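Reading the structure
Residue-level listing of the chains:
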Amino acid sequence: MSFIKKTWWALGVICITSFAILLYLGGEIYQKAPPIPEKVLSDNGTVIFTKNDIERGQLVWRSMGGHQVGSIWGHGSLLAPDWNADWLHREAINTMNYLGLDQFGLSYDKLSTPEQSYVEGQLKQNIRLNRFDESTRTLYVSEQRHKVILEQQDYYQKLFSDHPDFEKLRESYAIKNNPVNTEEHRRQLTAFLFWSTWATVTNRPDKDISYTSNWPHEPLVGNVPTGNVLGWSLFSVVFLIGGIGALVWYHASLKHEQLPKPSLSDPLLSISLTPSQQAVKKYFLTAMLLFLLQIILGGITAHYAVEGHHFYGFELAEILPYSVTRTWHTQLAVFWIATAWLGTGLFIAPALSGHEPKYQKFGVNILWLALLILVVGSMVGEWAAVQQAFDLDLSYWIGHQGYEFVDLGRLWQIVLLTGLTIWLILVTRAILPALKQNHDHKPVIYILFLSSIAIGLFYAAGLFMGKHTHLAVAEYWRWWVVHLWVEGFFETFAASVIALMFVRLGLIRAASANSAVLFSTVIFLTGGILGTLHHLYWTGTPTSIIAWGASFSALEVVPLALIGYEAYESYKLSKASAWMTKYRWAVLFFVATAFWNLVGAGMLGFLINPPISLYYIQGLNTTALHAHTAFMGVYGNLGIGLMLFCLRSLTANQYWSDKYLKLSFWSLNIGLVMMAVLSLLPIGIIQMLASVDVGYWYARSPEVLHSPLVESLVWWRVPGDIVFGIGGLLLIVFGFKAICKLKIYSEDVDEPISTKPHRIAAK
């Protein structure tokens, strides 16, 4: 059996096995999720909350921005508290005060050390006891805890209103005044906060750990790392070392063939532009404009860390609150990068087959209009939802779903899935003849096609999160979208496209591209599919998730070990021939992708992936550090590189400006380094130390985030933001100059236009 066939078999076995395990574990998560009681009763029979209160409270939380207003179970935004850690610490302090008064006649802070130790022991015993009755689906709480819950309710209902005594605190959290505009909704919100916090501290039946594996770190209630967390963290390091060793051994055993001798002239010189390829130009321009808008919103969002209600003195929060700007900032990151990659697919498909299907241009134009409707409609809906313009049901459908990266309302999710399906049909129609032809690079085209199918269909996983889906199950499906759809199949698609582009230019042999793409796909998906689980350590999942997630998320880093070699090879290709200078900056964006793959996705990703690490730093600025350097560093650079490669065939020489691209390339990447090193990394380290030494609640508190040192470090982000913004603006200038002057419409181009279909030649 040939190497290619063996690799195909390996890929099939890995995908089938991994998804079977992932689905099985999804069933385990569903069965062992923290129970939602029908009623929460005090010992004297008073109904405190009902299941309807909890579920409606979750919808209230989602409608006000959800993950964009603090976090739940560690997932969400960074300025407001993690509401579970915050509630838990406040409940612990209030309960210890009651216990101190009952036992010794003094509040907790006035007790002697032995007395405090006794009270802490009583607190742990009482608060960790699981009093959920499975037969009646009723949760019982003591009269003392009932009193504490009422105090907590009063606090949070005032916080989420426009109560003047809490305005300063709301500003420090970057929460607009009156974020929840009815008293009943505020009461229901506290029901959801109570239940989700109850799950973090209550022991599972017949276990001595909570439903969230003792997360968040709160020593007062006995929430400390378990042996399971520490053990699998150590094993993950062993798996990483072993995986890297195996990969290096395999790489050293390979025969490295000499690259083919480049042709004397650009093989794409006489490319024929089909009508649909010409129409794709608007996708790239749209992607650049969305990128610029994302940069602007990122600057506003970052500034809210020092002025929670204002932007340099202007009261912006009432018009564009933090929850809206952050929603748009994160959503536009997905939109602009996906637009660039989808445009690449529409451009490359006819080039592969030399076939322009009937009405292909019409389909490309309709899809672009759908994209505009989706972007504008979803953003308006999210703004209106946060402004409480909709009721809870309408907010779910056309407003804000509250789950990070899939915030858009359900109707807009359906529009997006429909658009992806149309894109898949358009790509399939154009690429189908190439799949039927016999040529040397057919395996790479199949990988490209299969990844296109995954891109078109896997977003549907987001539709499994319904209006009242349990939070643990919703997180499971959310990460199918964020990790598998965005981080998984898009990357496989991009690897295939890049390989085909280099084959097309005659810079690598088709056989080499086949083996490299297939092998890298196998290695990536080996860790990537089950590596999804590392996002779910603390989301009410069984402890088996920690074992699977820790092991396979470590393997995700393995392919990045040789990324420097890949970067060097890509850089050599940019110098392979004199005509390759035309593609120099497209290739260098691919080199930057390799660099950030190692640093952002690899080093900084593994910094937060092991369970013991994530236990302390989940949702701190270390997460933002990884997110920015991986998402922009890897996927952003990759999207720009793909656009430039396509645009080079669309643009005549006189309208192509390497000067703008050079300045844009260095500004974007230097600005990203400055953001990371001057601000995100040091703030993350400060928060990590606070989380380890005191507790997770403290790392997310105003005492830390609005300390003079941290606020100074936030201001130190501004230079990096400015440099990065200049890079984005220069890219827009380049785009307008290049895209508005297509070769096909130029009368004075110095390159001939072929009238015959151009297809990739076998090498």
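Everything numeric here is computed off the predicted structure, so don't read it as measured data. (Residues numbered from 1 in each chain as written. Predicted model: local features only at pLDDT ≥ 70, side-chain atom pairs only at ≥ 80, totals over all residues. Heavy atoms only, no water.)

**What about the UniProt feature "domain: Nitric oxide reductase subunit B cytochrome c-like" (unreviewed entry) in the protein?**
- According to UniProt, the "domain: Nitric oxide reductase subunit B cytochrome c-like" (unreviewed entry) feature falls on residues 37–217.
- Taken as a whole, residues 37–217 contains 51% helix and 10% strand, while its terminal C-alpha atoms sit 25 Å from one another. (UniProt positions renumbered as here; feature names shortened; annotations may be inferred. Helix = DSSP H or I, 4+ residues; strand = E, 2+ residues; numbered from the N terminus.)

**Quick notes on a negative patch on the surface**
- A cluster of acidic side chains, namely Asp162, Glu167, Glu315 and Glu318, defines a negative patch on the protein surface.
- Along the chain, the position of Asp162 falls in the loop between helix 5 (143–159) and helix 6 (167–172). (Patch = residues over 30% accessible without salt bridge, like charges linked within 9 Å, V, L, I, M, F, W, Y side chains within 5 Å. Areas by Shrake-Rupley, 256 points an atom, 1.4 Å probe, with all protein chains shown as cover. Salt bridge = Lys/Arg side-chain N within 4 Å of Asp/Glu carboxyl O. Lys, Arg positive; Asp, Glu negative; His and termini not counted. Charge placed at Lys NZ, Arg CZ, Asp CG, Glu CD.)

**Some details on the sheet that holds strand 5 (residues 132–133)**
- Reading across from one edge, 2-1-6-5 is the order of the four strands in this open sheet, with mixed pairing throughout. Of all strands in the sheet, those with a lone pairing partner are strand 2 (47–50) and strand 5, marking the two edges.
- Looking at chain direction, strand 5 and strand 6 (residues 138–141) are connected through two bridges and run antiparallel. Bridge pairing links Asp133 to Thr138 in strand 6. (Pairing = 2+ DSSP bridges.)

**Some points on empty space enclosed by the protein**
- Across all of its chains, the model carries eight cavities of 30 Å³ or more by this definition.
- By volume, the largest cavity amounts to about 200 Å³.
- Surrounding the largest cavity, 15 residues form its lining, Leu342, Leu371, Leu374, Leu416 and Leu420 being those nearest its centre.
- Ranked by residue count, the leading element in the lining of the largest cavity is helix 14 (residues 410–436), at five residues.
- Split by residue class, the lining of the largest cavity holds 13 nonpolar, two polar and no charged. (1 Å grid on protein atoms, 1.4 Å probe; cavity = no way out; pocket = protein on both sides within 12 Å on 5 of 7 lines; lining within 4 Å. Points joined across faces, edges and corners; volume = space filled by probe spheres on them. Nonpolar A, V, L, I, M, F, W, Y, C, P; charged D, E, K, R; others polar.)

**Here we look at the side chain of His146**
- Here His146 shows up in helix 5.
- Setting aside residues no more than four positions away along its own chain, His146 makes contact with Ser42, Thr46, Ile48 and Val141. (Contact = heavy atoms within 4.5 Å.)

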